[in-house]
Amino acid sequence: MDFEVKKQTLVSDELCQEISAQQNIETQITLPDYCGDIKKILKCILRPGISNLSFSGDRATATGKVSLRLIYVNDKDKIDCYEGSEDLSVSVVIKDLPENPVLCADAKTNYVNCRATSQRKISVEGSVAVIFKAYATKNTELITDAAGKGVQCRKKQIFYENLICRKEKIFDLGETAKIPQGKATVGKILNISSRATLQSKKAVADKLLIKGDLYTDILYLSESEEGKTEKFTHSMPISQIIDIPGIGEDSPCSVVLDVKQVNVQRKADSSSQGSLAEIAVKCSAMVMCSQVNTADVIDDCYSTDCDADGEFTIQEFSFPVYTADEQKTSVCTVDMPSEVSGVLDIWCSDTISDMKAKNDKAKVRGRAVLGMLYLDSKGNVCFAEKEADFDIDFKLQESYENMKCRCQLQMRDIEWKIIAKDKLEIKMKTGIVCQVNSCESMRIVKNINVSDKKKSSDDAALTLYFGTKNEKLWDIAKKYNTTIEAVRSENAIDGDVTEKDGMLLIPCV
């Protein structure tokens, strides 16, 4: 009988390269006539946004805008603001990529320094970083069976996650928002933040249908009353179709929606009043689809007929044991640098997180960087930046020894309450998309080499062997060049180990 092997393909993706590149921002700004003179700078905000990502040859390029927003107190002791933008264009060379990589890019602010050089001029220095990530698909051939030339295989059934695809789709959303009734008309946009939330996903005929909502928080200065702030939230629906060949209705699939860039402009109505706001947002949907499969992998082998040896490798197998896409609420107390008589707005400028799992529990430790516009006891406008720590616990259905986690956080809503003259209670509603995988690294056979040379035979029909309790039948059969089935049959053993100390009859095959 000819020697044959059966194989099964494990498809995974891996982060093959991650490269960060910087763009420095150095600009001198003269305030336009509609802005008041600067008395005190409260906050200068740089927000980089990527609108386009291209890859040609070995060069990746991200382009977009860096919005610059200055919030300050003017010469009339009223809050005022200025908004401008700088072009963003960052390129990196990414070499030695495999075929058809998936390229993603995110931008963040490294730092920003701002100072007034006169009542009408400001100098801004800062730096933004674009982080390029290249993911590649990896195919690993697993030997699941072998037959012929007396080859014996020890098998172990494993579960593993088989990747269907990783894909990012960037899309535009836009709408003209009407200022809610009872709110003052818009003079200047003071601050904006936008977030996208997933409501549903459904796979149909090689396509993924996603639905969600985009929320944009707009803090602005009243057109009619100088220094008065107003805030409202506008929502618009998200509906996208993403082509994913091979996706099935039962394919595990995670979708992370992200806002890449947001722009809000005051818009006058027919009476020339700013009762409208033009909202333009660039979003992305990062999709990962996979299927949990099973396979019988071979972790040892030998031949009863020929000289044979196995080549081994260490392979990690993982599969999801817990996934979540939900909103959690956490509460913390923040000490303020001065007395607080009122809060104008609180927003989240950054979040960092780490997720770990042990036994049947998983925990996310997070930190939110909060920007706060508030009034002190004398009614002066002040700004403070504070870090708020929070923990979020998850309960797993089962306990696993080795687990790996991935998670992404999105600050969806922030509420506050003054609980003392210099303390705020902050309630944060955080969206969490996470996955916990059970992982096992094991030695498996990656190749079996079988020669045509026959093994020398033993004339004895049986060999006597004195074994000990719980000795593995596989080790005995391999040592005496027989099969595990023959040892079981000859000694009336049902399992894979010896049941007691004593003599065993080892048949020759």
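We now turn to the structure provided with this report. Source: prediction; values computed, not measured.

### Quick word on the layout of surface pockets
Put simply, the second largest pocket is a space of about 320 Å³. Contributing to the lining of the second largest pocket are 14 residues, with Arg-154, Trp-474, Ile-484, Arg-488 and Asp-496 lying nearest its centre. Taken together, the elements giving at least two residues each to the lining of the second largest pocket come down to strand E7 (151–178), helix H1 (473–479) and helix H2 (484–491).

### So, unusual backbone geometry
At Asp-206, a residue that is not glycine, the phi angle is positive and equals roughly 65°. Although it is not a glycine, Asn-470 sits at a positive phi angle of roughly 70°. Counting through the fold element by element, Asn-470 comes out in the loop between strand E18 (462–467) and H1.

### As for the sheet that holds E7
On the basis of which strands lie adjacent, the open sheet formed by 3 strands has the order E7-E12-E11 and antiparallel pairing. On the outer flanks of this sheet lie E7 and strand E11 (253–267), each paired with one strand and no other. The average angle at which neighbouring strand axes cross in this sheet is 10°, direction not considered. Summarising the sheet, E11 and strand E12 (residues 276–303) pair through 14 bridges and their orientation is antiparallel. Looking at E12, one finds that Gln-265 is bridged to Glu-278.

### Thoughts on the sheet that holds strand E13 (residues 306–335)
Reading across the sheet, the 3 strands line up as E13-E17-E16 and stay open at both edges, with antiparallel pairing between neighbours. Of all the strands in the sheet, the pair left with one neighbour each is E13 and strand E16 (403–420). Each adjacent strand pair in this sheet contributes to an overall mean axis angle of 5°, direction not counted. Looking at chain direction, E16 and strand E17 (residues 423–454) are connected through 16 bridges and run antiparallel. Counted as the bridge partner of Lys-404 is Asn-437 from E17.

### Examining the environment of Asp-145
Relative to the helices and strands, Asp-145 is located in strand E6 (residues 121–147). Classification of Asp-145 by relative accessible area gives partly exposed; the value is 24%. When the C-alpha atoms of Asp-145 and Thr-61 are compared, they prove to be 46 Å apart, with 84 residues separating the residues in sequence. Those residues in contact with Asp-145 that lie beyond four places of it in its chain are Glu-4, Val-5, Lys-6, Lys-155 and Ile-298. A distance of 2.9 Å separates the side chain of Asp-145 from the side chain of Lys-155, its partner in a polar contact.

How each quantity is defined
- Residues numbered from 1 in each chain as written.
- Predicted model: local features only at pLDDT ≥ 70, side-chain atom pairs only at ≥ 80, totals over all residues.
- Heavy atoms only, no water.
- 1 Å grid on protein atoms, 1.4 Å probe; cavity = no way out; pocket = protein on both sides within 12 Å on 5 of 7 lines; lining within 4 Å.
- Points joined across faces, edges and corners; volume = space filled by probe spheres on them.
- Helix = DSSP H or I, 4+ residues; strand = E, 2+ residues; numbered from the N terminus.
- Pairing = 2+ DSSP bridges.
- Axes fitted to C-alpha atoms, helices over the stretch in contact; angles between N-to-C directions.
- Buried < 20%, exposed > 50% of the residue type's maximum accessible area, 1.4 Å probe, protein only.
- Contact = heavy atoms within 4.5 Å.
- Polar contact = N/O pair within 3.5 Å; in protein donor to acceptor, adjacent residues only side chain to side chain.

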